[in-house]
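Listed below are the residues making up each chain.
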Amino acid sequence: MLWTRWLVLLLWWGATSAEQQAEEKEGQRAEVRADPRRQRSPPPVEPLDFGFVPAAVYDTHAYYEPGTIGILFHMVHAFLYMVQPNSFPKDLIVSIIQQNMGGIKVEEWRKPENVVLLLQWIHYESGFLICAVFGVVFVVLTPIIATCFCMCRCCDNCGGEMHQRQRKNADCHRGFFTASLIATTIFIILGVLVAYAANHNISTQIKSTRRLINTNMRDLKTFANNTPVQIDYLTAQYTTAKNKVLSDLDNIGPLLGARIHSHLEKEVVPALDGALRMAGAMRETKEALENVSSALEILQEGTGKLQASLAGERSSLSNTLSDPACTNGAVSPTCNTIRSTLPQLGTNADFSKLPNVNEALTNINTVLKIDLSNIVQKGYASFNDTPAMVKEQTRNIVTGVKSMLDKIGNEINGFSKMFPVESSLANFTIFLNERHKFIESFYPQVDQMDFYRWIACVAVLCTVVLILAFNMLGLLCGTCGYDKQATPTTRGCLSNTGGNLLMAGVGFSFIFAWVLMGLVTTLFVVGGNVEKLICEPLANRQLFKIIDTPFLVHPEKRNFLPGMLFQNPNIDLTLGSMYRECYENNGLYHALQLENIFNINSFLNRTVYNKDLAKVLEGVQVDLRDIMLLDQAGRDNLMNFANSGVGEIDYPVYLAEVNKGVTIVDLLSFCSDLEDQADQLPRGALENALKGHASRIRSIHREQVVPMEQAMSTLSQGIKLLQKMSNDLPMKVTNILSAIDAAEYLITQNASHVVKQETKAFVHSLVGYFKQYTDWVKNSLSAEVAQCKPISNMVDSMEIVGCSFIIDSVNTFWMGLGACCILLIPSIVFSVKLAKYYRRMDTEDVFEE
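Now for a quick tour of the structure.

How each quantity is defined
- Residues numbered from 1 in each chain as written.
- Predicted model: local features only at pLDDT ≥ 70, side-chain atom pairs only at ≥ 80, totals over all residues.
- Heavy atoms only, no water.
- Patch = residues over 30% accessible without salt bridge, like charges linked within 9 Å, V, L, I, M, F, W, Y side chains within 5 Å.
- Areas by Shrake-Rupley, 256 points an atom, 1.4 Å probe, with all protein chains shown as cover.
- Salt bridge = Lys/Arg side-chain N within 4 Å of Asp/Glu carboxyl O.
- Helix = DSSP H or I, 4+ residues; strand = E, 2+ residues; numbered from the N terminus.
- Contact = heavy atoms within 4.5 Å.
- Axes fitted to C-alpha atoms, helices over the stretch in contact; angles between N-to-C directions.
- Parallel < 35°, antiparallel > 145°, perpendicular 65-115°, else oblique.
- Left-handed = near helix turned anticlockwise from the far one by under 90°.
- Nonpolar A, V, L, I, M, F, W, Y, C, P; charged D, E, K, R; others polar.
- Phe/Tyr/Trp six-rings, centres within 6.5 Å; stacked < 30°, edge-to-face > 60°.
- Buried < 20%, exposed > 50% of the residue type's maximum accessible area, 1.4 Å probe, protein only.
- Disulfide = S-S within 2.5 Å.
- Expected span 1.5 Å × (residues − 1).

**Thoughts on a nonpolar patch on the surface**
Point 1. A surface patch of nonpolar side chains, about 570 Å² in accessible area, is lined by Val133, Val136, Val137, Val140, Leu141, Ile144 and Ile145.
Point 2. If you trace the backbone, valine 133 turns up in helix α6 (residues 126-154).

**Some remarks on the side chain of lysine 242**
Point 1. In this fold, lysine 242 is placed in helix α8 (residues 238-250).
Point 2. Setting aside residues no more than four positions away along its own chain, lysine 242 makes contact with Leu405 and Asp406.

**Observations concerning the packing of helix α7 (residues 170-236) against helix α16 (residues 443-481)**
Point 1. Two numbers describe how α7 lies on α16: the axes approach to 10 Å, and their chain directions differ by 170°. It follows that α7 is roughly antiparallel to α16 by the angle criterion.

**Remarks on the packing of helix α9 (residues 252-321) against helix α11 (residues 358-368)**
A pair of packed helices is characterised by two quantities: the angle between their axes and the separation of those axes.
Point 1. The geometry of α9 relative to α11 is characterised by a closest axis approach of 10 Å and an angle of 150° between their N-to-C directions. Accordingly, the angle class assigned to the pair α9 and α11 is roughly antiparallel. Crossing hand, α9 versus α11: left-handed. Contacts from Met282, Arg283, Thr285, Lys286, Leu289, Glu290 and Ser293 of α9 reach α11 at Asn358, Ala360, Leu361, Ile364, Asn365, Val367 and Leu368.
Point 2. Its residues assigned to classes, the contact of α9 with α11 shows seven nonpolar, four polar and three charged.

**Considerations on the packing of aromatic side chains**
Point 1. Using the criterion set out here, one finds 21 aromatic pairs in the structure.
Point 2. On the numbers, 6.0 Å between centres and 55° between planes, the contact of phenylalanine 50 with tyrosine 773 is tilted. Residue phenylalanine 50 is located in the loop between α2 (18-34) and α3 (70-83), and its partner tyrosine 773 is located in helix α29 (residues 751-783); the two are separated by 723 residues in the primary sequence. Of the two residues, phenylalanine 50 and tyrosine 773, both sit in the buried class.

**Here's the deal with helix α20 (residues 575-583)**
Point 1. Taken together, the buried positions of α20 are occupied by Gly576, Ser577, Met578, Tyr579, Glu581 and Cys582.
Point 2. Asparagine 585 sits one or two positions beyond α20 and adopts a positive phi of about 65°.

**Structural notes on unusual backbone geometry**
Point 1. The backbone of asparagine 585 sits at a positive phi, close to 65°, despite the residue not being glycine.
Point 2. Relative to the helices and strands, asparagine 585 resides in the loop between α20 and α21 (588-591).
Point 3. Under the relative-accessibility criterion, asparagine 585 is labelled partly exposed at 22%.
Point 4. Phi at alanine 786 takes a positive value of approximately 55°, unusual for a residue other than glycine.
Point 5. Within the element layout of this structure, alanine 786 appears in the loop between α29 and α30 (789-838).
Point 6. Here alanine 786 falls in the buried class, since its relative accessible area comes to 1%.

**Regarding the state of the cysteines**
Point 1. Under the criterion given, the structure shown has two disulfides.
Point 2. Between the sulfur of cysteine 535 and that of cysteine 803 lies a disulfide, 2.1 Å long from S to S. With the S-S bond torsion at -90°, the cross-link from cysteine 535 to cysteine 803 turns out left-handed. In this pair, cysteine 535 sits in helix α17 (residues 493-539) while cysteine 803 sits in helix α30, placing the two residues 268 residues apart along the sequence.
Point 3. Its relative accessible area of 4% is what places cysteine 535 among the buried residues.
Point 4. Since its relative accessible area comes to 8%, cysteine 803 is described here as buried.
Point 5. Between cysteine 582 and cysteine 788 runs a disulfide, and the two sulfur atoms are separated by 2.2 Å. Measuring the twist about the S-S bond at about -105°, one finds the cysteine 582-cysteine 788 disulfide to be left-handed. In this pair, cysteine 582 is assigned in helix α20 and cysteine 788 in the loop between α29 and α30, connecting sequence segments 206 residues apart.
Point 6. The thiol sulfur of cysteine 480 is not disulfide-bonded, and the nearest other cysteine sulfur, from cysteine 477, lies at 7.2 Å.
Point 7. Assessed through its relative accessible area of 54%, cysteine 480 is described here as exposed.

**Things to note about helix α28 (residues 729-748)**
Point 1. End to end, α28 covers 28 Å across 20 residues, agreeing with the expected 28 Å (1.5 Å per residue, within 8%).
Point 2. What α28 keeps buried is the set Leu729, Val733, Ile736, Leu737, Ile740, Ala743, Glu744, Leu746 and Ile747.

What follows is the structure in structure tokens.
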């Protein structure tokens, strides 16, 4: 039908194909193989949030719990399993269908293969055939036996003779027949109740069928009304991917430029850091030279003063030791000892011979007139300006991509409007409303027919009830009117009436039993086979396997369902798979496997990510040749620093003098020794004079030696620092310039590879957004859009109505009625036997004493 075609077609546009995904993955693998320099995979694509597709809520709950009568249903199923324990003959049915596609012809059954199939079918139906033969024999023999029985009784045989022989155990026989008839009657009553319950259940469940019909119709309407909303939601979510792409394009500088910057900074930043450290070294060199120069001046000037001071003190001390007091025998050794130490009062280091560093300092000052740090910072700034440069150079491309994305969005919306989805579903809804009204118009007729059916079944049961009535009344009257003292010919009227009622029950049993058994046999054969061949395989889905058998309908048509829906029977679509998908409430697109019918690769290639868009994105070109890390002034500055003469200073000479002490002897130790020796002299002028010399020498140490020692420390530190900095200084500068040259060469000459690699990664992230959208569309179509639960609900509802409501009840009806028919046989026997004890006889046995 037309509406089914539109219902399938409305899901065409939204899928993404497996072929496109395979092509994309294969293309990515080919890129990796073709680029051996590829060192890292593209960064992960940021996941997008497309929200949740508006879900449809269906009302139908295709589940049936029969309740108490379910016990009877289970009994029927158990009986049918005893009658037919064979498994479902799938292969046999398929063979029968395939060999009789052109129609069933009598002459065709004479073929050997058809004879074999017939024998297999008879073997499968053997249980039903045996029971059916029993029913037919019952139907045929019952009226014959009834006729013979009547004729026999008319001839005063078969209990027809109105004479009863007297036996000693007559009461025992009568009690046995009474109890047996009562038990049989009770079982017949139970059978009637079972049949009546089944009959009533049909009427009750037929009314419940309306609820299932209404909920299924509402679900189909919900399906039809909600599907366009879901389709529109899928279409609208293209904006999410589009906006994310536009956001990344607006931030192409920080994104793509930052990636390029991050890739290049491994080479560029260390080179600039080396130049910046060299600028710091220049400043440190200047400070060290200044410290050395000032310390050298202090030492040269201080050395002269110290020599004069120590010479004067040495001369004065020598005069003091020339005092006549030193000639005293006890004092003379001490004075001689002091006199022997006088040569130690002198300077040790000679700083006057050390060359100055003024020339190197002048060169360094000239070098520092150019601010190398500022030049290097400009190089940093130029390199860090890569994102802005990328953004500026790709401005036109970004504008073009934005216009193309707007066009793609319009094409998607236009494609979704290409098919009259809403109008088709609106017509489908109208069709459902009309069908629903049409079905509802039959409700009165269904109720009337069900009423007639109910009356007919009750009438059938009433025949059994009539027999039961005669039996129970006969038992009641016979038992109540029976008098043990009365002879057979003098029995009372009530007892005789009981016997007549029992015989009336026998008569009606013969009249109705064969008719009832004929009805039971017919219902048994039909209902039992429907249960075993339709309901049971439908419940375990074996029936779908028959319909889904390849080449079942036509030897050239593989599958039935796609051949009917799409005129393409070669699609691997089966009714069973469709039912399973719909039962799990998946989308109709996935259930019908529409990806095999509607190829939308051309649409996706033309819209979501087409060749034009790919060409534009792949045409991103970034020129980094304008980046200058270090200009010529900076390079000259570094070379001037290397040639400043710092490395030509004679550091060993400086270190040799610095390592010497200021004086030959430690003046403080000399003073201490001098005081100790003075203390050994007798008290007097000589002692005081020596202690005065010690005090003046301490003053010289404090005022002259200590400042010189501080200057020597400064000189030592400066010389060592300069020596360390000047060690291979030209080589260091050359290495820094080489690193900067290599970085600039990488930027100006080899950056195209980096730009291409990072551009691919950036484009990969943009394509990833579209792929997320198409994957989300596919997943949504498979699981959330047009969820086909109503289809499986309709199948389940038909199974519930046809099998659980009707067939199970029909089978329970014939089971109860059949039990009644079978029990009528012992009922007839017991009634005939028991009536002999209740009816008034014409003659009796007489015993004379």
